[in-house]
Amino acid sequence: MSAPLIVLVGPMGVGKSTVGELLAGRLGTTYRDTDADVVATAGKPIAEIFYDEGEERFRELERRAVHDAVAEHTGVLSLGGGAVLDEATRALLAGHAVVYLSMDVDEAVKRVGLNTARPLLAVNPRRQWRELMEARRHLYTEVARAVVATDERTPQEVAQAVLEALELPDAPSSGQENATMTEQGPTRIQIAGSAGTDPYEVVIGRQLLGELPTFIGGRAKRVAVLHPEALAETGEAVRQDLADQGYEAIAIQLPNAEEAKTVEVAAYCWKALGQTGFTRTDVIVGVGGGATTDVAGFVAATWLRGVRWIAVPTTVLAMVDAAVGGKTGINTAEGKNLVGAFHPPAGVLCDLAALDSLPVNDYVSGMAEIIKAGFIADPAILDLVEADPQGARTPAGPHTSELIERAIRVKAEVVSSDLKESGLREILNYGHTLAHAIEKNERYKWRHGAAVSVGMVFAAELGRLAGRLDDATADRHRAVLESVGLPLTYRGDQWPKLLENMKVDKKSRGDLLRFIVLDGLGKPTVLEGPDPAVLLAAYGEVSA
């Protein structure tokens, strides 16, 4: 009978998914998560299962998922935080190589305290965490062959400790992660589906073109490769490769950057699809930066009321932000992304080799979104940037793959729980309310990351003036962003125009302005309808 090579148990937020994927890569096997299995079966996020059907129904689905996975999976397996509550599950785990990943209460609250997608920690995270652990710690210990503490350790260090605890074949040390990515195979991050959408995978690595046919599948006859003018050779190479594999592949060239995000360009794409006879089983591939993937996704969402599409982002910004999450759209004269749809891709291929030739200013622009992920959810990102700011400015830096993976994981966690920005997903807009106003004011000639950088400094000052954010964290925004070469200020005389632009931002409710601010590092929250004088004072801090 088959059995998992390793089974990871432990509380929510301990990093089972991250460590599990690292272990699978090192051991040359596959990774499976029973929480993802439950989501796929139910067709909705775990939080919605709790709220709609109750915990008892969730536990029933979880019990079945664990039973099936233990019987079928031969790689690395992680179980949901509460799976060990079930006596039959504990009995099932007897004799398996089970590892309990532990962490203390302070670390737990830092990691999961504000995640509203975790229904058992919805009111008082610190107290509820202690209560959960009192009920579960002895059960984790009971089923475990080994216990590995995760506090003050990177995921790579935890993975190494697991291998050592189980006396499995030695693997590369954490310092070799970037150098051995090709040997280990790509990193795969799962994005859970929600009502009406399928789960999908983000693949991060090098030389990933061979993965594309797997995502396209056998039902598709035609594939349209959308690419910007600047990547004409790349787009044609992808088209030719797909044609060689038997697809009727066409290439549709788009204008560069934000100039592609117009209804006229979308109409041009619709015409090309119509003339080619595109059907609902055919597939669109978007190869390029964030603007290209936005357009590709929007065209896919609107053609025949929705066809499958695949994102192949070629910039940092597109990899960590635009291509993940399913938000697609185009611009109008009134604002950015005001016309769009939520239409998740069938898969995302992040080939890091595409970054090697990226102009430095474009690369640095993408760092703004990575740094944003650090402030709202994963402070380890900030530590990595601060350890080597110059390295963070280049794809040759020692932490490139880890920074990109961490930022994608932050977004994956959020969008898996809230596809349509009804709650938690709003935190991804940190710094974006002012940023979008600046972009519109500059007729989209400013790089998105540059505008987001100024927007985050503004949000930090707004949080400080509102009595939410401590001085040290507010000041850290300036230090980290400036260290990689991102701007901190904008023209002071433009405030009246920016204020008007912000009033039509998608995050506003009626005439009420809404901003994401921080209550502390990794603690995003909503500030609604701030005093105009406070807004003006905060803008004064970013005025040039």
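Above this text sits the structure in question.
Conventions adopted
- Residues numbered from 1 in each chain as written.
- Predicted model: local features only at pLDDT ≥ 70, side-chain atom pairs only at ≥ 80, totals over all residues.
- Heavy atoms only, no water.
- Helix = DSSP H or I, 4+ residues; strand = E, 2+ residues; numbered from the N terminus.
- Buried < 20%, exposed > 50% of the residue type's maximum accessible area, 1.4 Å probe, protein only.
- Contact = heavy atoms within 4.5 Å.
- Areas by Shrake-Rupley, 256 points an atom, 1.4 Å probe, with all protein chains shown as cover.
- Expected span 1.5 Å × (residues − 1).
- Arc of directions from axis to C-beta.
- Pairing = 2+ DSSP bridges.
- Axes fitted to C-alpha atoms, helices over the stretch in contact; angles between N-to-C directions.
- Parallel < 35°, antiparallel > 145°, perpendicular 65-115°, else oblique.
- Left-handed = near helix turned anticlockwise from the far one by under 90°.
- Nonpolar A, V, L, I, M, F, W, Y, C, P; charged D, E, K, R; others polar.
- Salt bridge = Lys/Arg side-chain N within 4 Å of Asp/Glu carboxyl O.
- Phe/Tyr/Trp six-rings, centres within 6.5 Å; stacked < 30°, edge-to-face > 60°.
- Right-handed = clockwise from strand over helix to strand, strands pointing away.

Enquirer: So what's going on with the overall build of the protein? Which residues, and what values?
Expert: Helices and strands together make up the secondary structure of the protein, namely 23 helices and 16 strands. The burial tally for the protein puts 57% of its 544 residues in the buried class. Of all intrachain contacts in the protein linking residues separated by at least 6 positions in sequence, the fraction that spans at least 24 positions is 73%. Looking at the protein as shown, the accessible area adds up to about 21,900 Å², and 50% of this sits on carbon and sulfur atoms.

Enquirer: Kindly report on unusual backbone geometry, identifying the contributing residues and their values.
Expert: With glycine set apart, most residues show a phi of negative sign, and most peptide bonds adopt trans. In this model, Gln207 sits at a positive phi of 55°, which is unusual for a non-glycine residue. Inspection of the secondary structure assignment puts Gln207 in the loop between strand S7 (200-205) and helix H10 (212-216). Phi angles above zero are rare outside glycine, and Tyr444 is one such case at about 60°. Looking at where Tyr444 falls in the secondary structure, it is placed in the loop between helix H19 (432-441) and helix H20 (448-465).

Enquirer: Which residues make up the environment of Gly520, and what values do they have?
Expert: Along the polypeptide, Gly520 turns up in the loop between strand S15 (514-518) and strand S16 (524-528). A C-alpha to C-alpha distance of 9.7 Å links Gly520 and Ala472, two positions 48 residues apart in sequence.

Enquirer: Before we move on, could you go through helix H21 (residues 471-483) and cite the residues and values that matter?
Expert: Taking 1.5 Å per residue as the helical rise, H21 with its 13 residues ought to reach 18 Å, and the 18 Å between its terminal C-alpha atoms agrees with that figure. Within the span of H21, buried status applies to Thr473, Ala474, Arg476, His477, Val480 and Leu481. Down the axis, H21 shows its buried residues gathered within 150° of arc, on one side only. Turned more than 90 degrees away from the buried face of H21, the exposed residues are Ala472 and Glu482. Where H21 is buried, its residues contact helix H15 (360-376), helix H16 (380-387), H20 and S15. Where H21 terminates, the next one or two residues include Gly485, which has phi positive at roughly 95°.

Enquirer: Lay out the sheet that holds strand S11 (residues 308-313) with the relevant residues and their values.
Expert: On the basis of which strands lie adjacent, the open sheet formed by 7 strands has the order S6-S7-S14-S11-S10-S8-S9 and mixed pairing. On the outer flanks of this sheet lie strand S6 (187-191) and strand S9 (248-254), each paired with one strand and no other. Going from strand to strand, the sheet's axes swing by 15° on average, the running direction of each strand aside. For S11 and strand S14 (residues 347-351), the ladder comprises 2 bridges, and the chain directions are parallel. Within S14, the position partnered with Ala311 by the bridge is Val348. The sheet strands contacting helix H12 (residues 263-276) are strand S8 (222-228), S9 and strand S10 (283-288), and the helix crosses S9 at an angle near 160°.

Enquirer: Quick rundown of the packing of helix H1 (residues 16-27) against helix H8 (residues 155-166)? Include the residues and the values.
Expert: Viewed as axis vectors pointing N to C, H1 and H8 meet at an angle of 60°, and their least axial separation amounts to 9 Å. The orientation of H1 relative to H8 falls into the category oblique. The two elements H1 and H8 cross, and the hand of that crossing is right-handed. Residues Thr18, Val19, Leu22, Leu23, Arg26 and Leu27 of H1 lie in contact with H8, whose contacting residues are Pro155, Gln156, Val158, Ala159, Gln160, Val162 and Leu163. Across the contact of H1 with H8, the residue classes break down as 9 nonpolar, 3 polar and 1 charged.

Enquirer: With reference to specific residues and values, describe the pattern of salt bridges.
Expert: Applying the stated criterion across every chain yields a total of 36 salt bridges. Here the salt bridges do not stand alone but share partners, grouping Glu461, Arg464, Asp471, Asp475 and Arg478 into one network.

Enquirer: Explain the packing of H16 against H21 to me, using residue names and the numbers behind them.
Expert: Taken N-terminus to C-terminus, the directions of H16 and H21 make an angle of 50°; their axes are 10 Å apart at the nearest point. Between H16 and H21, the angle falls in the class oblique. Both H16 and H21 take part in a crossing whose hand is left-handed. Contacts between H16 and H21 involve Leu382, Asp383, Val385 and Glu386 from the first element and Arg476, Val480 and Ser483 from the second. Its residues placed into classes, the contact of H16 with H21 shows 3 nonpolar, 1 polar and 3 charged.

Enquirer: Lay out the environment of Pro228 in plain terms, naming residues and giving numbers.
Expert: Considering the arrangement of structural elements, one finds Pro228 in strand S8. For the pair Pro228 and Ala291, spaced 63 residues apart in the sequence, the C-alpha separation amounts to 8.9 Å. Those residues in contact with Pro228 that lie beyond four places of it in its chain are Gln253, Leu254, Pro255, Asn256, Val287, Gly288 and Thr292.

Enquirer: Explain the packing of aromatic side chains to me, using residue names and the numbers behind them.
Expert: Scanning the entire structure with this criterion turns up 6 aromatic pairs. On the basis of an interplanar angle of 25° and a centroid distance of 4.9 Å, the ring pair of Tyr100 and Tyr140 is categorised as stacked. With Tyr100 in strand S4 (residues 98-102) and Tyr140 in helix H7 (residues 125-143), the pair connects residues that are 40 residues apart, well separated along the chain. Between the aromatic rings of Trp446 and Tyr490, the centroid separation amounts to 5.3 Å while the plane-to-plane angle is 90°, which identifies the pairing as edge-to-face. With Trp446 in the loop between H19 and H20 and Tyr490 in the loop between H21 and helix H22 (495-503), this residue pair connects regions lying 44 residues apart in the sequence. One aromatic cluster is present, formed by Phe458, Trp495, Phe515 and Tyr539 through successive ring pairs.

Enquirer: Kindly report on the pairing of S11, identifying the contributing residues and their values.
Expert: Among the 6 residues in S11, 5 count as buried, and that is most of the element. Two strands pair when backbone bridges link them, and S10 and S11 are joined in this way by 6 bridges, in the parallel orientation. Pairing of Val283 across the sheet is with Arg308, part of S11. The parallel pair S10 and S11 is bridged by helix H13 (residues 290-302), and the resulting crossover is right-handed.

Keep in mind that these numbers describe shape and distance, not what the molecule does.
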